[in-house]
Amino acid sequence: MTQSTMIHHSPAWQRLTVHATEMRDVHLKSLFAERSDRHARFTRRGAGLTLDLSKHRWRDETLSMLLELAREADLEGAIARLQNGERVNRSEDRPALHTALRLPREASLMIEGEDVVPDVHETLARMQAMVEKCHAGQWRGATGRPITDVVNLGVGGSDLGPLMVTHALADYRPRDVHQVDIHFASTMDGSQLADYLTRFNPATTLFVLSSKSFTTIDTLSNASTARDWLMTRLADGGQDTQMSELVMRQHFIGVSAKPEKMSEWGIEPRHQLHFWEWVGGRYSLWGAIGLPIAMAVGMDNFRELLAGAHDMDRHFRETPLEDNLPVLLALAGIWNVNFLDVRAHSILPYDGRLEYFASYLEQLEMESNGKSVTNSGEITPYSTCPVLWGQLGPNAQHAFYQLLHQGTQAVECDFIAPVRRYDRVEDPATRAHLKAQHRLTLANCVAQSRVLMLGDEALPDDAPRPSHKRYRGNQPSTTLLLDRLTPRTLGALIALYEHKVFVQATLWDINPFDQWGVELGKQIASETEQILASRRGAESLDDSSRGLLDVIWQAQDAP
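If you're wondering where the values come from, they're calculated on a predicted model, not measured in any experiment.

Take the pairing of strand 5 (residues 149-153) next. Among the five residues that make up strand 5, five are buried, leaving the element largely enclosed by the rest of the structure. The alternating pattern of strand 5 places Asp 149, Val 151 and Leu 153 on one face and Val 150 and Asn 152 on the opposite face, and all of these are buried. Note: strand 5 against strand 6 (residues 181-185), five bridges, orientation parallel. Directly across from Val 151, in strand 6, lies its bridge partner His 183. The handedness of the strand 5 to strand 6 crossover, carried by helix 7 (residues 160-168), is right-handed. The sheet contact formed by strand 5 and strand 7 (residues 205-210) spans five bridges and is parallel. Residue pairing for strand 7: Asp 149 is matched across the bridge by Thr 205.

In C-alpha cells form, the structure reads like this:
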C-alpha cells in the first residue's frame, strides 16, 4: 500500500475510529447485560477448538466493521496467495509455505512449475526411518551401544517449537519401543549443554544440529563443544582416526537448508535432513526441524500433529470470514491494539503440558509482527504487535495476576484449556484425584476470566469495600477450549496462532516472514566479540560500551 492507500485511511478504519470513542467507556458488564445470548453470538468452533470472544469490548456492529476492514485489505485474496505459494515474503522475494509441510501425500501444490508435496513427504519418510531406527535400538554410537539420549542443538525456531510440542505431548511417548530421552540446548553460554555433558554417556548420546542457515553462532558454538566432548571421550582427542570417523557418522544428525554447510562441518550426507528456503524458522516445526518431536512421540503422532494443522489450514481457507477462527482472533487483537489502545497481551494456558506455549508464541508473534515499516517502505503510523508474554495460568495467578486485576495497564488475555483429561488413567483412585485437580484448574480458568471481565460485580454481594480491595474489571480476554490436548488438537492450536499472525500482518501491511531487526544485533555482537578477545578497537565504541568492557577486562585480569 502507498501512503494514500494505507489501511488507516480506509473507510472502515475511519468508522472504527469513531466507533471506538463510543466504546472506550462501555464496561463489559454492560455489554453482557444488553444481550442474554452474548456467548453464543461471539463463540465459534472449528478443527476441534472452541473460541469464545464474548469477553471483548465490542458489539455486533464492531465486528461487522472489522470484517469490512479485512475485506478492504483483501484478506481473502491474501489467504489464497499464502496457501497457493505466491511470494508473500516480499523483502526476501519468496513464498512462505509452512502450510505445504502438512499437506497430505495425495495433495499437489505447484510452485513455479514444481510440485513440492513429493519432496515434503520424502523428507518425512527419511525422518521416519531415523525415528524407527532409534526406537528399535538400532541406532548405535561409535562403540556399538544403542543411543539413549538425543540432544537438539538449535535456537529460536529450531528450539522453541520442538521444545514446546515435545513437552506438550509427553503423554504420547510410545511405551513399547527402545526408550530415547529428548533434550534441548539453545543458550550460547553453554550452561544447558554443560549440564548434559556432565551427566550423559558420550557413547549413547546423539546430537541433532538444527539451523536453517547453518551459520547461527549459538548453535555452532554448542555443536563444536559437543564434538570436542565426543572426540575427547571416545576418539582419544581425535587421534584415533577410525573412531573419529565413527563419531561423526553415528553421533550427529544435521537439519538445514544448506546441505553443503552440513557436509563441510562433517555431518554424514545420509544423516542430513533438508528443508527449504520457503519455510521460515519460526514456522518450521512441521518438517525436518520437528525431528525431536517425532523422536519423542513417534511418527504416527507426528503425522497427527500435521493433520491437525492441516485441519486448521482448510478451515482458514474455506470458512467465511465471519466464522473463521484465525480471522476473528486476529480482529479482536486489531480492535484492542489499534482502537482501544490495549498494547499488552498475556497467554495463559491452564494445563501444565503447555508450559512452553507462551514462550513459543512470543517468538511467533513478536518476531513476525514486531515491525514498524510497511511492505512499501513507509513508517507505520499505527501500532502493530503488542508486547506479548505469558506463563501457566495457575502459576501466573501467584505472579502477575495482581497487575491484571488491579494494575494500571490494560492487558488482553488468552485463556487456554483442554476440557477433558485423565480419562485413561488406569487406577480408579488416582484417576478420581487427578480429575478433581483438573476440575479445580478449569474452575480457576473460568473464574479468572470472569473476574477480569466483571471486577467487583463477580462477587456474590455488593457490600462496600475499601479501595484497595476493589476490582475494576473490563479487561478483555479470549477463552480457547480444546476437547482434549492431543497431537491433532495441538496442531490445530498452533496453526490457529500462525494464521492469526498472518491476518494481522495483512491488515497492518507488514511482512510477518522476515526478521531484519534480529540481524543488526548479530553483526554488532560479532564485532564486539573481536574487540573483547583482542582488547583492541574499544575506542570506536560509545562511552557506556567502553566502560563495560573495562569492567570485564579488569575482572578477568584480577588474581
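Still more ground to cover, so stick around.
Formed by 123 residues in total, the largest nonpolar core has its most connected members in Phe 357, Leu 490 and Tyr 497. By residue number, the principal contributor to this core is helix 19 (residues 487-508), which donates 13 residues. Ranked by size, the runner-up nonpolar core spans 27 residues in total, among them Ala 185, Ala 203, Phe 214 and Met 262.

With that out of the way, let us pick up the sheet that holds strand 2 (residues 49-52). Ordered in space as 1-2-13-12-10-11, the six strands form an open sheet in which the pairing is mixed. Single-partner strands in this sheet number two, and they are strand 1 (43-46) and strand 11 (387-390). On average, each strand axis in the sheet is inclined to that of its neighbour by 15°, with strand direction left out of account. As defined by bridge partners, strand 10 (residues 344-349) adjoins strand 11 across four bridges and the pair is classed as parallel. Paired with Ile 347 across the strands is Gly 390, a residue of strand 11. Its contacts with the sheet put helix 14 (residues 325-339) on strand 1, strand 2, strand 12 (412-418) and strand 13 (477-482), and the angle it makes with strand 1 is roughly 145°. On the sheet, helix 15 (residues 357-369) packs against strand 10, strand 11 and strand 12 and is oriented at approximately 170° with respect to strand 11.

UniProt's feature table lists "active site" (unreviewed entry) at Glu 367, His 398 and Lys 522, given in the numbering used throughout. In summary, the annotated positions, distributed over 156 residues, remain apart in three dimensions as well, the widest C-alpha pair reaching 36.0 Å. Checking the annotated residues one by one, the ones that line the largest pocket turn out to be Glu 367 and Lys 522. Residue position: Glu 367 is located in helix 15. If we ignore the near neighbours within four places in the chain, the residues touching Glu 367 are Arg 282, Glu 362, Asp 514, Gln 515 and Val 518. Side-chain polar atoms of Glu 367 contact the side chain of Arg 282, separated by 2.8 Å.

Okay, helix 10 (residues 241-250) next. Every buried residue belonging to helix 10 is among Met 243, Ser 244, Val 247, Met 248 and Gln 250, and all of these are buried. On its buried side, helix 10 packs onto strand 7, helix 9 (217-234), strand 8 (252-256) and helix 11 (259-265).

Mapped onto the secondary structure, Glu 412 falls in strand 12. Of the buried charged residues, Glu 412 lacks a salt bridge, with Lys 500 as the closest side chain of opposite charge at 5.8 Å. Side-chain polar atoms of Glu 412 contact the side chain of Asn 336, separated by 3.3 Å. When residues no more than four places from it in sequence are discounted, the contact partners of Glu 412 are His 56, Ala 332, Gly 333, Asn 336, Val 342, Ala 344, His 345, Ser 346, Pro 476 and Thr 478.

It is worth spelling out the layout of surface pockets at this point. The calculated volume of the largest pocket comes to roughly 1000 Å³. Lining the largest pocket we find 41 residues, and of these Ser 213, Thr 216, Gln 515, Glu 519 and Lys 522 sit closest to its centre. Every element with two or more residues in the lining of the largest pocket is listed here: helix 9, helix 15 and helix 20 (516-534). Per-element tally for the lining of the largest pocket: the top contributor is helix 20, with eight residues.

Take the pattern of salt bridges next. Per the counting criterion, the structure on display carries 38 salt bridges. Arg 94 serves as the salt-bridge partner of Glu 277, at 3.3 Å between the closest nitrogen and oxygen. One end of the pair, Glu 277, is in the loop between strand 9 (272-274) and helix 12 (291-297); the other, Arg 94, is in the loop between helix 5 (75-84) and strand 3 (110-111), with 183 residues separating them in the sequence. A salt bridge links Arg 546 to Asp 543; the shortest N-O distance between them is 3.5 Å. A residue pair is termed a helical-turn pair when its members lie 3 or 4 positions apart in one helix, as Arg 546 and Asp 543 do in helix 21 (residues 543-557) at three residues. Here Arg 546 falls in the partly exposed class, since its relative accessible area comes to 29%. Asp 543 sits in the exposed class, given a relative accessible area of 59%. One network of salt bridges, in which partners are shared, links Glu 92, Arg 94, Lys 212, Lys 258 and Glu 277.

Further remarks concern the packing of aromatic side chains. Inspection of every chain in the model, using the stated rule, returns 16 aromatic pairs. Ring centres of Trp 13 and Phe 339 lie 4.8 Å apart, and the angle between their planes is 55°; this geometry places the pair in the tilted category. You can see Trp 13 sitting in helix 1 (residues 11-23) and its partner Phe 339 sitting in helix 14, a full 326 residues away along the chain. Judged by its relative accessible area of 8%, Trp 13 falls in the buried class. Summarising the aromatic geometry, the rings of Phe 400 and Tyr 401 are spaced 6.0 Å apart at their centres and angled 45° between planes, so their arrangement reads as tilted. Tyr 401 carries the same exposure label as Phe 400, and that label is buried. Linked through ring pairs, Trp 13, Trp 335, Phe 339 and Tyr 382 together constitute an aromatic cluster. The side chain of Arg 38 reaches across the aromatic face of Phe 32, ending 5.3 Å from its centre. The residue whose ring lies beneath Arg 227 is Trp 265, and the NZ or CZ to ring-centre distance is 4.1 Å.

About the cut-offs
Residues numbered from 1 in each chain as written. Predicted model: local features only at pLDDT ≥ 70, side-chain atom pairs only at ≥ 80, totals over all residues. Heavy atoms only, no water. Buried < 20%, exposed > 50% of the residue type's maximum accessible area, 1.4 Å probe, protein only. Helix = DSSP H or I, 4+ residues; strand = E, 2+ residues; numbered from the N terminus. Pairing = 2+ DSSP bridges. Right-handed = clockwise from strand over helix to strand, strands pointing away. Core = buried A, V, L, I, M, F, W, Y, C linked by side-chain atoms within 4.5 Å. Axes fitted to C-alpha atoms, helices over the stretch in contact; angles between N-to-C directions. Contact = heavy atoms within 4.5 Å. UniProt positions renumbered as here; feature names shortened; annotations may be inferred. 1 Å grid on protein atoms, 1.4 Å probe; cavity = no way out; pocket = protein on both sides within 12 Å on 5 of 7 lines; lining within 4 Å. Polar contact = N/O pair within 3.5 Å; in protein donor to acceptor, adjacent residues only side chain to side chain. Lys, Arg positive; Asp, Glu negative; His and termini not counted. Salt bridge = Lys/Arg side-chain N within 4 Å of Asp/Glu carboxyl O. Points joined across faces, edges and corners; volume = space filled by probe spheres on them. Phe/Tyr/Trp six-rings, centres within 6.5 Å; stacked < 30°, edge-to-face > 60°. Lys NZ or Arg CZ within 6 Å of the ring centre and 35° of its normal.

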